[in-house]
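As a plain string of letters, each chain reads:
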Amino acid sequence: MTVSMKDQLLDQSGSYLPRLVAVLYAVFDPREGPKIVSQVPEGSVATALSTFPAPAVSPTAQAPVEPEAGPSHGIYRSTSVEDVSSTQVLFDFSSILDFVIPKPELCGHLVTKATRTSKVLGFPIRIFDEAKYHKGKEVYNRNAFIFNLCFVFERDAEVSGFEPIVRKAGRTLRDMEEAVSLLSEPPPTFKIADMIEQLYMDFNSFSETSIPIHDTQLDLMLFPYRANPREIKIWDVPMAVTGLEEMKNGSWDVTLFKVCTFINGINHVKKIAELAEVDLTLARLCIQHLLFYSAIILVDVFQYSNCYTALPGIADVVQYGEEEDEGVTDLRAECEAYVYNGIGDVDRIPFATLLQLYAGLGPRLSVGTWMDIHSLDSQPVDVRRMIQFGVIKGFLRRVYAYPIWLDHPALNPANFNEERRPPNARLDSDTRPDLNASAIFSVGGSSAGTGTGGSQGPLTPVDAPAPPQERTAKLPPMTPQMAEVPERPSYPSSLPMMLDGKHHTDEICIRYAIPFKYLESVLRSIGGPDSEDSSVESATDGQRRGSLATGYGTRVVMLYV
């Protein structure tokens, strides 16, 4: 059964649409100045007249008005004095009149004014017509008609979804005023009070309205508001949550068409741009476009040197997984199916065991070490998908490592000089170190870096993620050639400048196209001679594991956040 847009808005409005608190219509009167002509609910904005106490009324005057017949969605109006006197006053009009009826420079633009308890959104209109609006020289007159239809919300409300509504309503009223003087000399069939009351009731009830005005129709409808996506980093890894390949068609942008081919939850943005042979800036814009429409999500680069920790919300995951009500996803079965690698005839690992494995992750425990502790190589589990499942569901958090060079000029500018320049730093403009392989975080020998590599051809680096398959196959043993890291690595002079505690290892590795083990060698070289005594996990243990050094000398420290 197809769900209409109206029904979707009704179901989702609580999550992204604020509720209208009040609607008011104000004009600039030549004699009285700015004033409110009509407002709903009546008395919600205090004016000079509303400060006087309400007169006594008889019980018959307090009877509510019966529903009126008409095409107004069955909404009726209550004009009882009891309702008016009991309306909560939101603010005083005098505190916002300079923004409701502003200077000519602000007219024709959206104006938002926040009070102590409310937020007012308006689109002031100024129509200049000397012959039409001049009433006589003895009356102060600006030879213009100034009005504003304002929507009032709670102070903390996100009103971006209402901005096109307020703008269109203001422009429609301006066109009608210029054509038939609808507001300055309204016809008997039109009352501004009825219009704003229908606006108020319809938007709070149906998220849309259709109001007949003279010989036209004012149709307004709220649409889901999507916030602008965050800036895409070159180390972000996009993961599709919809079938991008099935959605492709010939009308797509060529760059977007090529970029979507390499989105597999493994390739980072820089590698996607290189594989698709497109400009990096355009690739980032395409991925940002997909993120805006919720076609993808962003995760971190998977490496065996990564550290993760379980969040307190993992307890809620257990409780949520036990719910089996209709329409609720069984998280236990979803997790078991997602992390199963499908190798052999072994049954899936039960969710209780997976939960124990998740709880075993820690801030200083690399994924590679965690796998060795629990012997996951012999288990039918896809480690990459298991980690990403926890990150996506929100009960795992990546612990980023930020290397800090204690002699960095930003941290110690007084003592920085040429003598403290790190050893083996090249003073050229090259941004790539001398590596035997051109691939950084490559899969199957494909390059994700910017270099052309040495004469030995592309090699799979130590910290490469699993091959881009539907299921991550078991990683092959490392060869001695892969594990070889120079004792005194060379690196561009700009690399130590990134060791100021503001750039994590993912950013540094991908920006300079180096594997994590090579970065560790660089950090030990910069850290000083004492770093040679640091115990580093061996890279020749027959497994492709990421190391996690316990120290990098006396001048480099690692901050885990």
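These numbers were taken from a predicted model, which means no experiment stands behind them.

Rules used throughout
Residues numbered from 1 in each chain as written. Predicted model: local features only at pLDDT ≥ 70, side-chain atom pairs only at ≥ 80, totals over all residues. Heavy atoms only, no water. Helix = DSSP H or I, 4+ residues; strand = E, 2+ residues; numbered from the N terminus. Contact = heavy atoms within 4.5 Å. pLDDT = per-residue confidence, 0-100. 1 Å grid on protein atoms, 1.4 Å probe; cavity = no way out; pocket = protein on both sides within 12 Å on 5 of 7 lines; lining within 4 Å. Points joined across faces, edges and corners; volume = space filled by probe spheres on them. Nonpolar A, V, L, I, M, F, W, Y, C, P; charged D, E, K, R; others polar. Buried < 20%, exposed > 50% of the residue type's maximum accessible area, 1.4 Å probe, protein only. Polar contact = N/O pair within 3.5 Å; in protein donor to acceptor, adjacent residues only side chain to side chain. Core = buried A, V, L, I, M, F, W, Y, C linked by side-chain atoms within 4.5 Å. Axes fitted to C-alpha atoms, helices over the stretch in contact; angles between N-to-C directions. Parallel < 35°, antiparallel > 145°, perpendicular 65-115°, else oblique. Salt bridge = Lys/Arg side-chain N within 4 Å of Asp/Glu carboxyl O. Disulfide = S-S within 2.5 Å.

A few words now on the overall build of the protein chain. When its secondary structure is counted, the protein chain shows 18 helices and 18 strands. Summarising the internal contacts of the protein chain: among those between residues at least 6 apart in sequence, 67% fall at separations of at least 24.

Here we take up the confidence of the model for the protein chain. Of the residues in the protein chain, 69% reach a pLDDT of 70 or more, and the chain-wide mean stands at 76. Taken together, the stretch residues 1-15 has pLDDT below 50 and engages in 15 contacts with residues farther than four places along the chain or on a different chain. Contacts of residues 322-327 to residues separated by more than four positions or lying in other chains number three contacts, the stretch itself having pLDDT below 50.

Attention now moves to empty space enclosed by the protein. If you walk through the whole model with that rule in mind, you get three cavities of 30 Å³ or more. Space inside the largest cavity adds up to approximately 60 Å³. Lining of the largest cavity is provided by 11 residues; of these, Ser305, Asn306, Arg398, Ala401 and Thr505 occupy positions nearest its centre. Class assignment for the residues of the lining of the largest cavity results in seven nonpolar, three polar and one charged.

Turning to unusual backbone geometry, a few remarks are in order. Following Val40, the chain continues to Pro41 via a peptide bond in cis, the omega torsion being -5°. Along the chain, Pro41 turns up in the loop between strand 2 (33-40) and strand 3 (45-46). Not every positive phi belongs to a glycine, and Ser294 is a case in point at roughly 60°. Relative accessible area serves as the criterion here: at 41%, Ser294 is assigned to the partly exposed category. Of note in this structure, Ala513 is not a glycine but carries a positive phi near 55°. You can see Ala513 is positioned in the loop between helix 17 (505-512) and helix 18 (516-527). Using a relative accessible area of 7% as the deciding quantity, one classes Ala513 as buried.

Take helix 9 (residues 269-276) next. With six of eight residues buried, helix 9 is to be regarded as a mostly interior element. Turning to helix 9, its buried residues are Val269, Lys270, Lys271, Ile272, Ala273 and Ala276. Once helix 9 finishes, Glu277 follows within two positions and takes phi at roughly 60°, a positive value.

The subject of this paragraph is the side chain of Gln303. As for its placement among the helices and strands, Gln303 is situated in the loop between strand 12 (296-299) and strand 13 (307-310). Engagement of the side chain of Gln303 in a polar contact is seen with the side chain of Asp506, the distance being 3.0 Å.

Formed by 37 residues in total, the largest nonpolar core has its most connected members in Leu149, Phe151 and Met195. Of all the secondary-structure elements, those providing two or more residues to this core are strand 1 (22-29), strand 7 (125-128), strand 8 (144-154), helix 5 (163-180), helix 6 (192-206), strand 9 (208-213) and strand 10 (216-221). Broken down by element, this core gets its largest block of residues, six residues, from helix 6. Apart from the residues within four sequence positions on either side, Met195 is in contact with Leu149, Leu173, Phe190, Ile211 and Ile213. Counting 27 residues, the second-largest nonpolar core is a separate cluster that includes Phe302, Val367, Phe395 and Leu396.

So, on to the packing of helix 12 (residues 331-339) against helix 13 (residues 351-359). At their nearest, the axes of helix 12 and helix 13 sit 9 Å apart, and the two run at 75° to each other. Comparing their axes, helix 13 and helix 12 come out roughly perpendicular. From helix 12, Arg332, Cys335, Glu336 and Val339 reach across to helix 13, where they touch Phe351, Leu354 and Tyr358. Across the contact of helix 12 with helix 13, the residue classes tally to five nonpolar, no polar and two charged.

This part covers the pattern of salt bridges. If you walk through the whole model with that rule in mind, you get 12 salt bridges. With a shortest N-O distance of 3.9 Å, Lys35 and Glu32 are connected by a salt bridge. Its relative accessible area of 27% is what places Lys35 among the partly exposed residues. Across the salt bridge formed by Asp175 and Arg174, the nearest N and O atoms sit 3.6 Å from each other.

Let us look at the state of the cysteines. The term disulfide refers to a covalent linkage connecting the sulfur atoms of a pair of cysteines. Under the defined criterion, the tally for this structure stands at zero disulfides. Left without a disulfide partner, Cys286 is nearest to the cysteine sulfur of Cys260, which lies 7.6 Å away.

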